[in-house]
Amino acid sequence: GEPRGTSAIVRVSTGKMPVPHPEIQVDASIRRVSPNQHRSYNILESISDENSDVDYYRKMETNLITKTDVANGIIYVTIPEVDLRILCGCPADSVKHLMKKGLIVPCEKAGMKTETGPNSILLSDVMVQHGSFSNLAEFPVLQMLYRQGMLIPDHPNNTGEKPLIIGSIEQVRSQMEYIYRGNYGLISMDEIMAAGVPEAEAAEMMRLKLRFAFGRIKPTEELLKTCVVGNDQIEIRDGVFIRRLRVNVFRIYYKNQSVIIDLNLNGESRFQSAYPLGYSDIDLGYFAVIHSGEGDGWDTERPTMSSIVMFQGKLYMIDAGPNVRHSLDALGISIGEIEGIFHTHAHDDHFCGITTLMQSDKRIKYYSTPLVRSSVMKKLSALLSTEESEFFNFFDVHDLVEGRWNDIESLEVKPVYSPHPVETNVFLFRTSDGSRYHTYAHFADIASFEVLQKMVTADPKAPGITADYFESVVEKYLTAVDLKKLDIGGGMIHGKAEDFKDDESDKIMLSHTALELTPSQKEIGSGAPFGMVDVLIPSHQDYLRKRAFHCLGSYYPNTEKHQLDSLMNHPIVSINPETIIYKIEDRIEHIHVVIGGSVERIDASRGVSNLVPTGAIIYEPALVQDVPCEFTYRAMNYVKALKVPLAAFRTFAAKSGIVDSIKKILERRAFLKSTWLFGDSISYPVQNAIARGMTVSKIGRGTLIRDTYFTGVGMVKSGKLQLIAGNSVVDEIGPRMAFAESTALFGTKDVYRIRAEEDTVAYVIPAELIKEIPVVRWKLLETYNRRTKLLSGSGKPGVPFFEWRSEYTVHNDAIDEHHRELFNLAENFFGTLSDGSDREKIALSIDTLIEYANSHFRKEEKLMEIEGFPDLAEHKVVHASLREEAAEFRSRILRNEALEDEIALDFFRNWLVNHNFGHDRKFAEFMKSKGGVSTLEIPEEYAD
């Protein structure tokens, strides 16, 4: 589709520009042009060097680098002379986007079928953008290793060159660990047994795992190469260089040409789905299954295999694959309507949408076995560079017993362990209509009988399975049910439809494939268009009206039932997708209570475009004053709403005596809505609860708050605060910005002192009101990490990278002394790094630091044990993780890899400062609660 001749891509501003040639493709602000189709390069002269590819395009007669904008956050760069093909940015479904653009196509090489595609990946500096993962290299790497053949023996593309991962040390490290966990899940008997599996059973699981892994679990370094990018120019390979210009913006150089790579998502843009979906109008039912995905990780037209189980009007997802929000929007379901998720396993096509569920205003219920949950937590922890325990702060975890029926409010669920490279459940769901059980079986990522049969071995020590185990798997898979959904993806790790030709289930659905069904497969099972519903037990209740009553009760908790009933005697309406409900300046005649679907609130003149979640009232200010609508409200999908005449709602408010309360809450909620912390994804009932619990704090100019232990998060309403550490201003907090985030995150006093630069009015929101809101916790963690970076490691001339501050104290003299010495040793390391010392001296410096840190960890753990610290087990896990990171960092030095100040700074900032703030201070608070002990000595017998 490109114009003939030497082509390029020119990024231009949105201002005046020449009208392109009719043959030139136009895509938003990107213009594809050919030099012989454009009269001059004058447009290039006005673009700053940092935001353009001027050097490159002035020499376009020899096109050494080609840059293609693929989708939001995805760019493809090729340098044919050195056979370098870089996928820049790899959010969910990046491989599908490359396929849709024709950048990955099937081909044949030396008589073997293969595919084109990237051989390198440039990672985003930012792990998550707008609630979605920016870096998901698992499927791109699988495409390189297997579909391109870079790992397949005797394949012409297996030249010994490994796929290359490029990025910051933090992102490279997390991706290598995430890919490792994606390949293998739990990697030892100890990890399997830690999830509650008996030793003998764990040994059999490891035998199976090793058979899938061809006898050995390989470190990711055997499969992939890495290139760590700092702020200095560094060679990728063969004369190709890269340099970071600023966060998430890079320049790639080859010979006398270069291109700019900007991986930031701007404004309200989000990562895009590779496929369009129509709208579905779903009615809530008693027991039914919504088919929300039938494809696999390579299907460019459909979501990956998933379902939504409806039970008694509640919605439960099975798995969370790519573009979950896109799928839910098409189904007319908002995140707030999801009651829980049942999780089969941690492969990306069933896992990577999990951060979308973390963007909720409630902890969504998480159902799986401890075995699968452990595998999922380790992979998610690697991706987000957080501790595994954070999982419990984002999800309401309910562990299921494998192989048994677990009762979940009358919905019975049986997870069954299924042979797979990573820990996997298949699920059976059943409930009774009074006369018999009706059962749905969801069999994602099963293995074919042929593959399993080949794994049978009589050698109890060899990788594989026993004949008895094989027979038991076949028996479980062929269990007759009312509705069975099957993975028929084929190959080494997926099932075959032909295995189920004699299955006696009433209805079989074939799923998890990108291929057309063959005639023989069509004789075995059915297909399912997106959004199709199979009803197992029909409903004779109005669940929408029940939900409407619950929404109103959450809004007005102190109102009598009979008063709410007066509102319920009005119609529930269905609003078509993309329909405008109210426009700006419209007079309000009816109040709409949104009870299903999503509504967009828009004011383009002010740059406002956000979601109004389920449970919202449109337009509530009209209840207490005669005002026109302030925004445009537009249905994003099929929306269900209770439609109440304004006069009836006003009568209800007056009789209930809640008019003044509504006015107060509206004012405070308007403030919350204007903030980054609470602006999106928070339902109005939750916002109302926060608004009722907020208190006002007035801080006079010049006031220095030293020891105040905030019982919640502060939000500046007016004025300005400064965060002080030592004699330095670390950050300034203006209107609508948050402070004292450590209280809600860790239950500890904030490390900063706070000084009012102006007379300031702030709201204080109690921690208990927001600690259960995952999306708020997520954003507070971002704020915390940003301020930690501001506080530590300036790296300015004459200023130490790591300087002990009094704010770092944990109020225990012995531990504080250890921390001071660790900071000194870290600073000594930077001295050896910056004065040009040889690798041997640098290695000796970090060996000294690691040895001291290990001694400190042991002593600290013993103190915690003596004092009965309840979080000791978690603390030990953190220490183990820090030891692993240190060992990896040391190995980089010994391998003579490039090591810049910024790379080392990020490592030590996480290793020393973050650990001190988030964990050691929790022990300090615990000690204070026991009576303020601050001079506890380490017993001599534990002093090494």
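Chemist: Help me out: how do you make sense of the overall build of the protein in this one?
Modeler: The helix and strand tally for the protein stands at 27 helices and 46 strands. Considering the protein as a whole, with its 944 residues, one finds that 58% of them fall into the buried category. Expressed as a percentage of contacts within the protein between residues at least 6 apart in sequence, the contacts between residues at least 24 apart total 71%. Accessible surface, the protein as shown: approximately 38900 Å² in total, 49% of it carbon and sulfur.

Chemist: I'm lost on the confidence of the model for the protein in this one. Help?
Modeler: Note: predicted coordinates in regions of low pLDDT should not be interpreted at a detailed level. Here the protein averages 85 in pLDDT, and 86% of its residues register 70 or above. Low pLDDT, under 50, characterises residues 1–52; the stretch is placed with 84 contacts to residues that sit more than four places away or in other chains. Throughout residues 793–799 the model reports pLDDT below 50, and contacts reaching past four residues in sequence, or to other chains, amount to seven contacts.

Chemist: Would you explain the pairing of strand 7 (residues 106–109) in this entry?
Modeler: Along any regular strand, the residues point their side chains to alternate faces of the sheet. Sheet topology places strand 7 next to strand 8 (residues 112–115); four bridges connect them, and they run antiparallel. Bridging from a neighbouring strand, Cys107 pairs with Thr114 of strand 8. Hairpin connection between strand 7 and strand 8: a loop of two residues separates the two successive antiparallel strands, and Ala110 in this loop has a positive phi of roughly 50°.

Chemist: Looking at this structure, how should I read the side chain of Thr220?
Modeler: Structurally, Thr220 can be placed in the loop between helix 7 (199–212) and strand 13 (225–228). Thr220 sits in the buried class, given a relative accessible area of 4%. Excluding residues that lie within four positions of it along the chain, Thr220 makes contacts with Met176, Ile179 and Tyr180.

Chemist: What am I meant to see in the sheet that holds strand 26 (residues 425–432) here?
Modeler: Note: strands within a sheet are paired through backbone hydrogen bonds, in either parallel or antiparallel orientation. Reading across from one edge, 24-25-26-27-28-29 is the order of the six strands in this open sheet, with mixed pairing throughout. On the outer flanks of this sheet lie strand 24 (406–408) and strand 29 (507–511), each paired with one strand and no other. Averaged over all pairs of adjacent strands, the angle between their axes in this sheet comes to 20°, without regard to strand direction. Here six bridges tie strand 25 (residues 411–417) to strand 26, and the two strands are oriented antiparallel to one another.

Chemist: Explain the sheet that holds strand 15 (residues 240–246) here, please?
Modeler: Taken in spatial order, the four strands make up an open sheet running 14-15-16-17, and their pairing is antiparallel. Edge positions in the sheet fall to strand 14 (234–237) and strand 17 (257–262), since each of these pairs with one other strand and no more. Shown here is a sheet whose adjacent strand axes are inclined to one another by a mean of 30°, direction ignored.

Chemist: Looking at this structure, how should I read the packing of helix 5 (residues 169–184) against helix 11 (residues 370–384)?
Modeler: Packed helix pairs are characterised by how far apart their axes lie and by the angle those axes make with each other. Packing of helix 5 against helix 11 leaves a shortest axis separation of 7 Å and a crossing angle of 165°. Regarding the angle of helix 5 to helix 11, the classification is roughly antiparallel. Pair helix 5 / helix 11 crosses with left-handed handedness. In contact with Ser174, Gln175, Glu177, Tyr178, Arg181 and Gly182 of helix 5, helix 11 contributes Lys378, Lys379, Ala382 and Leu383. Looking at side-chain class alone, the contact of helix 5 with helix 11 contains three nonpolar, three polar and four charged residues.

Chemist: Hey, could you run me through helix 5 in this one?
Modeler: Taking 1.5 Å as the rise per residue, helix 5 with 16 residues should run 22 Å; its terminal C-alpha atoms sit 23 Å apart, in good agreement. Counted residue by residue, helix 5 has 13 buried out of 16 residues, so it is predominantly covered. Gly185 lies just past helix 5 and shows a positive phi near 65°.

Chemist: What am I meant to see in the packing of aromatic side chains here?
Modeler: The description of two aromatic rings rests on the distance between their centres and on the angle between their planes. Scanning the model with the defined rule gives 26 aromatic pairs in all. Centre to centre, the rings of Phe342 and Phe427 are 5.7 Å apart; their planes meet at 70°, and the pair counts as edge-to-face. Taken together, the positions of Phe342 in strand 21 (residues 338–342) and Phe427 in strand 26 put the pair 85 residues apart, joining distant regions of the chain. Assessed through its relative accessible area of 0%, Phe427 is described here as buried. Pairwise contacts between aromatic rings join Tyr316, Phe342, Tyr367, Phe427, Phe429 and Tyr440 into one cluster. Cation over ring: Arg147 sits above Trp298, and NZ or CZ is 4.3 Å from the ring centre.

Chemist: Hey, could you run me through the environment of Gly353 in this one?
Modeler: One can find Gly353 in the loop between helix 9 (348–351) and helix 10 (354–357). When the C-alpha positions of Gly353 and Ala320 are compared, they lie 4.7 Å apart, and in sequence the two are 33 residues distant. Apart from the residues lying within four places of it in its own chain, the contact partners of Gly353 are Ala320, Gly321 and Val324.

Chemist: Sorry if this is basic, but what is going on with the environment of Ile260 here?
Modeler: Of note, Ile260 is situated in strand 17. Sequence spacing of Ile260 and Arg244 is 16 residues, and the spatial spacing of their C-alpha atoms is 9.7 Å.

Chemist: I tried to follow the pattern of salt bridges on my own but got confused; where do I start?
Modeler: Pairs can form between side chains of opposite charge whenever their charged atoms are close. The tally for this structure, following the rule as stated, stands at 44 salt bridges. Two residues, Lys862 and Glu865, come together in a salt bridge whose shortest N-O distance is 3.3 Å. In this pair, Lys862 and Glu865 both sit in helix 25 (residues 839–867), three residues apart, roughly one turn of the helix. When salt bridges with common partners are traced through the structure, they connect Glu161, Lys225, Arg237 and Asp238 into a single cluster.

Chemist: In this structure, what is going on with the environment of Gly160? I would like to understand it.
Modeler: With respect to the element layout, Gly160 can be found in the loop between helix 4 (138–147) and strand 12 (164–167). Taking the relative accessible area as the measure of exposure, Gly160 reaches 60% and is therefore exposed. Residues Gly160 and Met150 lie 10 residues apart in sequence; the distance between their C-alpha atoms is 7.7 Å.

Chemist: Is there a simple way to think about helix 17 (residues 561–568) in this case?
Modeler: For an α-helix the count is 3.6 residues per turn, leaving residues at separations of three or four pointing the same way. Three or more residues of helix 17 are buried, namely Gln563, Leu564, Leu567 and Met568. One side of helix 17 carries all its buried residues, which in axial view fall inside an arc of 155°. Tucked into the core, helix 17 has its buried residues touching helix 16 (543–555), strand 38 (639–645) and helix 18 (646–656).

Thresholds applied
Note on numbering: residues in each chain are counted from 1, in written sequence order. The model is predicted, so local features are restricted to residues of pLDDT at least 70 and side-chain atom pairs to those at 80 or more, both for listing and for counting; the totals for chains, interfaces and linings are taken over all residues. The basis for every side-chain value is the complete set of heavy atoms in the structure, and neither hydrogens nor water enter the calculation. A run of H or I in DSSP becomes a helix once it reaches four residues, and a run of E becomes a strand once it reaches two; helices and strands are each numbered from the N terminus. In this scheme, a residue with accessible area under 20% of its type's maximum is buried, one over 50% is exposed, and one in between is partly exposed, where area comes from a 1.4 Å probe on protein chains only. Whether two residues are in contact is decided by their heavy atoms: any pair within 4.5 Å suffices. Throughout, the Shrake-Rupley method with a 1.4 Å probe supplies accessible areas, and for residues the shown protein chains are the sole cover considered. Note on scores: pLDDT gives the predictor's confidence for each residue, bounded by 0 and 100. When DSSP locates at least two bridges between a pair of strands, those strands are taken to pair. Under this scheme, a helix contributes an axis fitted over its contacting stretch, all axes are lines through C-alpha atoms, and angles between N-to-C directions fall in the 0 to 180 degree range. Roughly parallel means an angle under 35 degrees; roughly antiparallel, over 145; roughly perpendicular, 65 to 115; everything else is oblique. Definitions for this section: a left-handed crossing has its near helix turned counterclockwise from the far helix by less than a right angle. A right-handed crossing has that turn clockwise. All residues other than Ala, Val, Leu, Ile, Met, Phe, Trp, Tyr, Cys, Pro, Asp, Glu, Lys and Arg, Gly among them, are scored as polar; the first ten of these are nonpolar and the last four charged. Residue count minus one, scaled by 1.5 Å, sets the expected span of a helix. Put simply, two rings from Phe, Tyr or Trp (the six-membered ring, in Trp's case) pair if the centres are within 6.5 Å, and we call them stacked under 30 degrees between planes, edge-to-face over 60, tilted for the rest. Here, a charge over a ring is recorded when the distance from Lys NZ or Arg CZ to the ring centre is within 6 Å and its angle to the ring normal is within 35 degrees. The working definition used for a salt bridge is a side-chain nitrogen of Lys or Arg within 4 Å of a carboxyl oxygen of Asp or Glu. As used here, the arc belongs to the directions running from the helix axis to the C-beta atoms.

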